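Understanding the architecture of this molecule
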Amino acid sequence: MTETADDLSAPLGQDKPRRKRRLRLPFTAMQLLAVLLLLFLVTFASFAIFNKDPLGGEPMTRIAIREPKATDEKPVASGHAGESRQEGKHETKEAPKQAAPGEQKTVTMIDGSTGARHDVVIGAGEATDKGGAASAPPPVMAGIDPKLLEKSRYGMIPVVAGDMKPFNVYAADADRTKAAKMPVVAIVIGGLGVGAAKTTDAIMKLPPAVTLAFTPYGSDPGKLAERARAQRHEIFLQIPMEPYDFPDNDPGPQTLLTSLSTDQNMDRLYWHLSRMQGYAGLTNFMGARFIATEPAMQPIIREAAKRGLGFFDDGSSPRSIAPQAAANQAMPFGKGDIAIDVVPTPTEIDRALNKLEATARERGIAVGTASALPVSIERIGAWTKTLGDRGILLVPLTTAMLKSKSS
């Protein structure tokens, strides 16, 4: 190889081209990712701590209130403020502020999780049904004396007319002369009106002397109550009242509560009274706390007495003040002695019925309560068929109440 002068004069080891130096970062890609993740977590935590969100990230419902348009159709009203019922589980939510009398407002509810919108209209003067839909006042049932009714904002409710009282007019027929001379038993089947099948079974399979107590709920409790009266059963109206474990145990919409004012509870009472007609008296539906709270219970008893009704205490609250309150008003009163189907088996129901019979022999009067379970209806029906042969008279509740008052 021929070398040139330039080659001979070049410094040894300097004949190779220089490599370019790479730029090196002070950290690796994994370290960068960790730093970014840490910054994200710090930012999120700061937002959660310093953002004053009272809902704390819970799903929310947005409510917009606007005046209804003049062309709107008849509104659909929300029902009992703040209460919803689903498969036996009851939740209590704060309801929008009620509109002033005569005023209506449209409420747009937006589900925070689904975005679904639902428009309802609220108004202080509208009657509402159990599900929250606007409803016309329930129609007056057949066989009801119009003189014993007066109009409320929810519908027709009972009233005294001269010497006529609903308790006397709507009491079932009974041989009261015979009842005064021998032991008597009355049986009250409660929880009717919700579930047409079980209500119809009680109406048709039990003797007319058995008293039927209806809740104010159901799609058409008045029609079922009308059918019961047509079969010569007397009926009582069950008023939902606050139990000790409310709201975990919730009797239903428009429940009378110890936390409400007398006026508020009276308004709720009128709602219940308007759901049907033809009842001889009232009885508690649950309500162990309410019926034992004198300031809450006294006004209800006074109102029932003023309207010519009797009151039946189902006996579930040992601290009930109803007996004393009813005595002060000189109104017909009765109290349950034995709950027949606490254990809903044929053997236990028969045992309870035998105990009820023994109580009647001992005291002259005994009142049993039960629900419309098929086994209860079957065992009670069989037991009543031979009761007279054993020297005990089955009578309507009103007859037992009058006998108790006179004894």
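Relevant structure appears above.
Residues numbered from 1 in each chain as written. Predicted model: local features only at pLDDT ≥ 70, side-chain atom pairs only at ≥ 80, totals over all residues. Heavy atoms only, no water.

With respect to the pairing of strand 9 (residues 211-214)
Taking every second residue as pointing to the same face, both faces of strand 9 are buried, with Thr211 and Ala213 on one and Leu212 and Phe214 on the other. Alignment of strand 8 (residues 184-192) against strand 9, held across 3 bridges, turns out to be parallel. Within strand 9, the residue paired with Leu192 across the bridge is Phe214. Traced from strand 8 through helix 5 (residues 196-205) to strand 9, the parallel crossover comes out right-handed. Here strand 9 runs beside strand 10 (residues 235-241); their pairing, made up of 3 bridges, is parallel. Bridge pairing in strand 10 links Leu212 to Ile235. The handedness of the strand 9 to strand 10 crossover, carried by helix 6 (residues 221-230), is right-handed. (Buried < 20%, exposed > 50% of the residue type's maximum accessible area, 1.4 Å probe, protein only. Helix = DSSP H or I, 4+ residues; strand = E, 2+ residues; numbered from the N terminus. Pairing = 2+ DSSP bridges. Right-handed = clockwise from strand over helix to strand, strands pointing away.)

Focus on the packing of helix 5 against helix 6
Between helix 5 and helix 6, the least distance of the axes is 9 Å, while the angle of their chain directions is 15°. With respect to helix 6, the element helix 5 is oriented roughly parallel. In the crossing of helix 5 with helix 6, the sense of the turn from one axis to the other is right-handed. Between helix 5, through Ala196, Thr199, Thr200, Ile203 and Met204, and helix 6, the contact on the second element is made entirely by Leu224, Arg227 and Ala228. (Axes fitted to C-alpha atoms, helices over the stretch in contact; angles between N-to-C directions. Parallel < 35°, antiparallel > 145°, perpendicular 65-115°, else oblique. Left-handed = near helix turned anticlockwise from the far one by under 90°. Contact = heavy atoms within 4.5 Å.)

Observations regarding the pairing of strand 11 (residues 281-286)
With 6 bridges connecting them, strand 10 and strand 11 associate as parallel partners. Its bridge partner lying in strand 11, Pro240 is registered against Phe285. In this region the chain leaves strand 10, passes through helix 7 (residues 262-273) and returns to the parallel neighbour strand 11; the handedness of that crossover is right-handed. Sheet analysis places strand 11 next to strand 12 (residues 310-313), joined by 3 bridges and oriented parallel.

Examining a nonpolar patch on the surface
Taken together, Leu32, Val35, Leu36 and Leu39 make up a surface patch of nonpolar side chains, about 360 Å² in accessible area. Relative to the elements of secondary structure, Leu32 occurs in helix 2 (residues 29-50). (Patch = residues over 30% accessible without salt bridge, like charges linked within 9 Å, V, L, I, M, F, W, Y side chains within 5 Å. Areas by Shrake-Rupley, 256 points an atom, 1.4 Å probe, with all protein chains shown as cover. Salt bridge = Lys/Arg side-chain N within 4 Å of Asp/Glu carboxyl O.)

Remarks on the pattern of salt bridges
Between side chains of opposite charge, a pair can form as their charged atoms come close. This structure, assessed with the given rule, holds 13 salt bridges. In this structure, Asp337 engages Arg363 in a salt bridge whose closest nitrogen and oxygen atoms are separated by 2.7 Å. Separated by 26 residues along the polypeptide, Asp337 in the loop between strand 13 (333-335) and strand 14 (338-339) and Arg363 in helix 10 (residues 346-363) bring together distant segments of the chain. By relative accessible area, Asp337 is classed as partly exposed at 32%.

A short note on the layout of surface pockets
Put simply, the second largest pocket is a space of about 610 Å³. Secondary-structure elements contributing two or more residues to the lining of the second largest pocket are strand 8, strand 11, strand 14 and strand 15 (365-371). Top contributing element to the lining of the second largest pocket by residue count: strand 11, with 4 residues. Residue composition of the lining of the second largest pocket, grouped by class: 13 nonpolar, 13 polar and 5 charged. (1 Å grid on protein atoms, 1.4 Å probe; cavity = no way out; pocket = protein on both sides within 12 Å on 5 of 7 lines; lining within 4 Å. Points joined across faces, edges and corners; volume = space filled by probe spheres on them. Nonpolar A, V, L, I, M, F, W, Y, C, P; charged D, E, K, R; others polar.)

Structural notes on the packing of aromatic side chains
Here the structure, examined in full by the defined rule, presents 1 aromatic pair. Ring geometry for Tyr217 versus Trp271: centroids 6.5 Å apart, planes at 45°, classification tilted. A residue pair is termed long-range when its members are at least 10 positions apart, and Tyr217 in the loop between strand 9 and helix 6 and Trp271 in helix 7 qualify at 54 residues. You'll find Tyr217 and Trp271 in the same group, each marked buried. When the ring centre of Trp271 is taken as reference, the NZ or CZ atom of Arg275 above it lies at 4.6 Å. (Phe/Tyr/Trp six-rings, centres within 6.5 Å; stacked < 30°, edge-to-face > 60°. Lys NZ or Arg CZ within 6 Å of the ring centre and 35° of its normal.)

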